[in-house]
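Fold and geometry: a report
What follows is the residue order along each chain.
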Amino acid sequence: MAATERIIFQPYVWKKTGKRTTLEPGTPVACRDAEDALRRIEKVRDGLLSVAGAQAVRMTVDEEAGDYGEPEVLGCVGEVPVETQ
């Protein structure tokens, strides 16, 4: 299988664990194209999606070989973990 491009919208949400509240990744959404992912980023920016923050990421994936390229952040909004920016 050849490598394919994947575009993911990754939301982040605040979760309460005991007395602590931590920022955690929500359920990632596979997008048709970069424009679809960036539209979702705009929805977060406009307050239409109730998440703390989100990223749109593009990467090359060859699942059969187990190869995953470096992620390219296409867009970012709100609160996102520092190590992923």
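See the structure printed just above.
Calculation notes
Residues numbered from 1 in each chain as written. Predicted model: local features only at pLDDT ≥ 70, side-chain atom pairs only at ≥ 80, totals over all residues. Heavy atoms only, no water. Pairing = 2+ DSSP bridges. Helix = DSSP H or I, 4+ residues; strand = E, 2+ residues; numbered from the N terminus. Polar contact = N/O pair within 3.5 Å; in protein donor to acceptor, adjacent residues only side chain to side chain. Buried < 20%, exposed > 50% of the residue type's maximum accessible area, 1.4 Å probe, protein only. Salt bridge = Lys/Arg side-chain N within 4 Å of Asp/Glu carboxyl O.

**Things to note about the pairing of strand β1 (residues 4-17)**
Relative to strand β4 (residues 53-62), β1 runs antiparallel, the two sharing nine bridges. From the neighbouring strand, P11 faces β4, where its bridge partner is A54. With two bridges connecting them, β1 and strand β3 (residues 29-30) associate as antiparallel partners. In the sheet register, F9 faces β3, and the bridge partner there is V29. Here β1 pairs with strand β2 (residues 20-25) via six bridges, running antiparallel.

**Considerations on the side chain of Q10**
Inspection of the secondary structure assignment puts Q10 in strand β1. At 2.9 Å, the side chain of Q10 and the backbone oxygen of G26 are in polar contact.

**A word on the pairing of β4**
Remember that side chains alternate between the two faces of the sheet whenever the strand is regular. For β4, the tally of buried residues reaches seven of ten residues, placing the bulk of the element in the interior. Across six bridges, β4 lies against strand β6 (residues 72-78) in antiparallel orientation. The partner of A56 across the bridge, within β6, is G75. In this sheet, strand β5 (residues 67-68) lies alongside β4 in antiparallel orientation, the contact comprising two bridges. Bridge pairing in β5 places V61 opposite Y68. Linking two consecutive strands that pair antiparallel, namely β4 and β5, is a turn of four residues; a positive phi of about 75° is found at G66 within it.

**Looking at the pattern of salt bridges**
Scanning all chains against the criterion turns up six salt bridges. Residue D36 is joined to R39 by a salt bridge in which the shortest nitrogen-to-oxygen separation is 4.0 Å. In this pair, D36 and R39 both sit in helix α1 (residues 34-45), three residues apart, roughly one turn of the helix. Since its relative accessible area comes to 44%, R39 is described here as partly exposed. One network of salt bridges, in which partners are shared, links E5, R58 and E72.

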